[in-house]
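Chain by chain, the residues:
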Amino acid sequence: ACQWYVDRFRDGGEDPTRCKLFFFDDAGPPWALKGQATEGKWSRWNPIDKRWEPLQTTPPAPSGLYAGIGATKLSNRAEVAIRGLYHGRDTE
């Protein structure tokens, strides 16, 4: 689902500045790729540079049509971040 969404903003597609794909990096399992710049933070996908950009604040609360995709087990920090997202609180 995320890849399909990102593909909408590829060459000749929708305006890449309108891409609103957000990610909370909960570090994942031991074998997962680790990113010091994003770990424990909310990030936004930059379709032009094709990379995650860490945010300084919590992203806007979801509204309208949206999808929440993630793990089946969350860390405490991920739970706090997600609750903050829906309740309009910064988690940094």
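Quick caveat: nothing in here was measured; it's all calculated off a predicted structure.

The rules behind each value
Residues numbered from 1 in each chain as written. Predicted model: local features only at pLDDT ≥ 70, side-chain atom pairs only at ≥ 80, totals over all residues. Heavy atoms only, no water. Salt bridge = Lys/Arg side-chain N within 4 Å of Asp/Glu carboxyl O. Phe/Tyr/Trp six-rings, centres within 6.5 Å; stacked < 30°, edge-to-face > 60°. Buried < 20%, exposed > 50% of the residue type's maximum accessible area, 1.4 Å probe, protein only. Core = buried A, V, L, I, M, F, W, Y, C linked by side-chain atoms within 4.5 Å. Contact = heavy atoms within 4.5 Å. Pairing = 2+ DSSP bridges. Helix = DSSP H or I, 4+ residues; strand = E, 2+ residues; numbered from the N terminus. Axes fitted to C-alpha atoms, helices over the stretch in contact; angles between N-to-C directions.

Under the criterion given, the structure shown has five salt bridges. Bridged by salt links that share partners, the residues Asp26, Glu39 and Arg77 form one connected network.

We now examine the packing of aromatic side chains. Under the criterion given, the structure shown has five aromatic pairs. Each ring, one from Trp45 and one from Trp52, has its centre 5.2 Å from the other, and the planes form 70°; the classification is edge-to-face. Overall, the relative accessible area of 17% leaves Trp45 in the buried class. Given a relative accessible area of 29%, Trp52 falls into the partly exposed group. Site record: aromatic cluster; members linked through ring pairs are Phe23, Trp45 and Trp52.

So, about the nonpolar core. Tyr5, Val6, Phe9, Cys19, Leu21 and Trp45 together form the largest nonpolar core, which totals six residues. Not counting the four nearest positions on each side in its chain, Val6 is found in contact with Leu21 and Trp45. Trp42, Ala78, Ala81 and Leu85 belong to the second-largest nonpolar core, a separate cluster that totals five residues.

Taken in spatial order, the three strands line up as β1-β2-β3 in an open sheet, and their pairing is antiparallel. Only two strands of the sheet have a single partner each, and these edge strands are β1 (22-24) and β3 (51-54). Pairs of neighbouring strands in the sheet enclose a mean axial angle of 40°, with direction left out of account.

In short, the description is geometric, and any link to function would need to be established separately.
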